[in-house]
Amino acid sequence: MKNNKSKKIFLKVGKEKSLLRRHPWVFSGAISRTENSPTLGDTVNIFSAQGQFLAQAAYHPQAQIAARVWSWEQEASIDADFIHRRIAQAIAFRRQMGLTKLSTGMRIIHGESDGLPGLVVDQYDRVVVMQISSVGIERWRDACIGSLRNELDPICIYERSDTEVRTLESLPERCGVVFGDLPANIIIKEHSLMFQIDVSSGQKTGFYLDQRDNRASVGALAVDKDVLNCFCYSGGFTVYAKQAGARSVLSIDASQSALTLAMHNVVLNGFTTDENEWICADVFQALRKLRDQNRSFDLIILDPPKFAPTASFAEKAARGYKDINLLGFKLLRPGGILASYSCSSGISSDLFQKIVAGAALDAGVEARIIAYQSAAVDHPVLLNFPEGAYLKGLILKKRL
Ligand code: SAH
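Residues numbered from 1 in each chain as written. Predicted model: local features only at pLDDT ≥ 70, side-chain atom pairs only at ≥ 80, totals over all residues. Heavy atoms only, no water.

Let us now look at empty space enclosed by the protein. Evaluation of the coordinates by the stated rule reveals 1 cavity of 30 Å³ or more. Considered as a void within the structure, the largest cavity measures approximately 30 Å³ in volume. Ala 58, Tyr 59, His 60, Ile 65, Ala 66, Ala 67, Arg 68, Val 135, Gly 136 and Glu 169 are the residues that line the largest cavity. Among the elements of the structure, strand 5 (53-59), strand 6 (65-71) and helix 4 (135-139) are those that each provide at least two residues to the lining of the largest cavity. Here the lining of the largest cavity takes 4 residues from strand 6, the largest share from any one element. Taken together, the residues of the lining of the largest cavity break down into 6 nonpolar, 2 polar and 2 charged. Among the domains, domain 1 (8-71) and domain 2 (80-180) are the pair contributing at least three residues each to the lining of the largest cavity. (1 Å grid on protein atoms, 1.4 Å probe; cavity = no way out; pocket = protein on both sides within 12 Å on 5 of 7 lines; lining within 4 Å. Points joined across faces, edges and corners; volume = space filled by probe spheres on them. Helix = DSSP H or I, 4+ residues; strand = E, 2+ residues; numbered from the N terminus. Nonpolar A, V, L, I, M, F, W, Y, C, P; charged D, E, K, R; others polar. Domains from an automatic or database assignment.)

Written out as structure tokens, the structure reads:
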């Protein structure tokens, strides 16, 4: 890669700063010129205006994020071996963290944070789900599949390359089995609980692995409590609350297929669905209805979808978070607990706390933070990549 034929991009004066701080993206506006005509998905060497080598990256001539860093060194080459080394390192890290003892479902590759921008890989028992959202990884798709087969010995690799981020990279949607056969039933064991996973039509790659620790710690607070689980998806928090001995659990989701899966997961763990309520509705409306019915709860979970995928959606998202948190505080009994989450990268943890504080104020409620939460260890965050810290949770106790 050190030869003169290597494809290069040069940055504008002063635009090298974020790369020197090891932030792994280069925005298109930072580039002054290219050399040796790099095209879509090519590996480029990035230089400052003064000619200092900064990083090796995958190039996208049209996208707003024009280069995603592969390496801070001038590697011999970015090739199948390089991809294999990165995948093997990511898997070794999960094993070192003892995750295999906690769950048979885990995130194996977490994009930038595992040195593979645009690649997400989740494992559900012996099924591996792969999601590609950048042109750089798209070029090494076969190498990824080969490495995952070698390292994980799966019975199936399923591709779920259907995120909206793919459209920003002008990549078409691609979903389906890429290796082996998809079993009819995929069940993981998380802590001591079982969850059925729908990898082909479920959300994300089928399950919200990032909430694993939070489900356990919030679930444990549900002993003898009346619980309201908003945006319940496949019933993660519901099942943990049932296991802890909740008096009742009301679960709400706008998707009927999510609720059906949630009920199935409750039964799968040996609980009955009788003492539980299920509402298929928009949470914004359902919470107003519950307020009008004078309902109240001891523990409320608000785990909405991404309201702000990027910072440009922050204002609209802030209104959404404020609305549900305000209603949540009102429905909470004195001394009750609100577990409030945001998975929007466009909303910082500071801003999230301000929004929730504003909601408490407007609801006329005094509350204390008893814990800050984030994504589980298989979703590490590069220290210089704040966009990676997308999941933020506040556990709040309402004053008696
Ligand atoms: N807490 C879950 C994950 C929640 S994901 C877990 O631990 O697994 C967000 C969920 O919100 C999805 O199931 C989606 O169907 C649902 N959803 C999105 N918008 C909604 C709305 N306006 N009202 C109700 N549910 C909604």
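Structurally, Gly 364 is set in the loop between helix 12 (349-363) and strand 19 (367-373). Using a relative accessible area of 66% as the deciding quantity, one classes Gly 364 as exposed. With 38 residues separating them along the chain, Gly 364 and Leu 326 place their C-alpha atoms 9.2 Å apart. (Buried < 20%, exposed > 50% of the residue type's maximum accessible area, 1.4 Å probe, protein only.)

Structurally, a disulfide amounts to a covalent bond that connects the sulfur atoms of two cysteines. Under the criterion given, the structure shown has 0 disulfides. Note on Cys 175: no disulfide assigned, nearest cysteine sulfur contributed by Cys 156 at a separation of 13 Å. Note on Cys 175: relative accessible area 39%, which makes it partly exposed. Cys 280 takes part in no disulfide bond, and the closest cysteine sulfur to it belongs to Cys 232, at a distance of 9.2 Å. (Disulfide = S-S within 2.5 Å.)

Further remarks concern the site of the ligand. Among the 15 residues in the neighbourhood of the ligand, the closest are listed as Gln 203, Asp 253, Asp 282, Val 283 and Asp 303. Within the side chain of Gln 203, a nitrogen or oxygen atom sits 3.1 Å from an oxygen atom of the ligand. At 2.6 Å, a side-chain N or O of Asp 282 approaches a nitrogen atom of the ligand. Look at the ligand: alone it shows 580 Å² of surface, and the protein chains cover 89% of it. Grouping the constituent residues of the shell around the ligand by class yields 9 nonpolar, 2 polar and 4 charged. (Near = heavy atom within 4 Å. Polar contact = N/O pair within 3.5 Å; in protein donor to acceptor, adjacent residues only side chain to side chain. Areas by Shrake-Rupley, 256 points an atom, 1.4 Å probe, with all protein chains shown as cover.)

Along its sequence, the protein chain is organised into domain 1 (8-71), domain 2 (80-180) and domain 3 (208-398). If you average the C-alpha positions of domain 1 and of domain 3, the two centres end up 39 Å apart. Of the roughly 390 Å² buried at the junction of domain 1 and domain 3 (both faces included), carbon and sulfur atoms supply 64%. Three residues, His 23, Pro 24 and Trp 25, lead the burial of domain 1 against domain 3; their summed loss comes to 72% of the area buried on that side. At the surface where domain 1 touches domain 3, the tally comes to 0 salt bridges. (Buried area = accessible area lost by both parts, 1.4 Å probe. Salt bridge = Lys/Arg side-chain N within 4 Å of Asp/Glu carboxyl O.)

On to the sheet that holds strand 5, then. Within the open sheet, the 6 strands sit side by side as 2-6-5-4-1-3. Their pairing is mixed. Whereas interior strands pair on both sides, the edge strands pair on one side only; in this sheet they are strand 2 (25-27) and strand 3 (31-35). Geometrically, the sheet is characterised by an average inter-axis angle of 35° between neighbouring strands, direction not taken into account. (Pairing = 2+ DSSP bridges. Axes fitted to C-alpha atoms, helices over the stretch in contact; angles between N-to-C directions.)

What follows concerns the side chain of Ser 71. By the element assignment, Ser 71 lies in strand 6. Residues within four places of Ser 71 in sequence aside, it is in contact with Ala 55, Gln 56, Phe 82 and Arg 86. (Contact = heavy atoms within 4.5 Å.)

By the secondary structure assignment, Arg 94 is in helix 2 (residues 80-96). Only 3.3 Å separates the side chain of Arg 94 from the backbone oxygen of Ile 108, close enough to count as a polar contact. Here Arg 94 is in contact with Leu 99, Met 106, Arg 107, Ile 108, Ile 109, His 110, Asp 114, Asp 378 and Pro 380, once residues within four sequence places are set aside.

Tallied over the full model, the rule gives 25 salt bridges. With a closest N to O distance of 2.9 Å, Arg 139 and Asp 42 form a salt bridge. On the criterion of sequence distance, the pair formed by Arg 139 in helix 4 and Asp 42 in the loop between strand 3 and strand 4 (43-47) is long-range, its members being 97 residues apart. In this structure Arg 139 comes out as partly exposed when scored by relative accessible area, which is 42%.

The next subject is the sheet that holds strand 14 (residues 226-230). The mixed open sheet is built from 7 strands, whose spatial order is 16-15-14-17-18-20-19. Lying at the two open borders of the sheet, with one neighbouring strand each, are strand 16 (276-280) and strand 19. Pairwise comparison of adjacent strand axes, ignoring direction, gives a mean angle of 15° for this sheet. Note: strand 18 (residues 332-342) against strand 20 (residues 392-398), 6 bridges, orientation antiparallel. Bridged to Tyr 341 within strand 20 is Gly 393. Packing against the sheet, helix 8 (residues 236-244) makes contact with strand 14, strand 15 (248-253), strand 16, strand 17 (297-302) and strand 18, and its axis sits at approximately 175° to strand 15.

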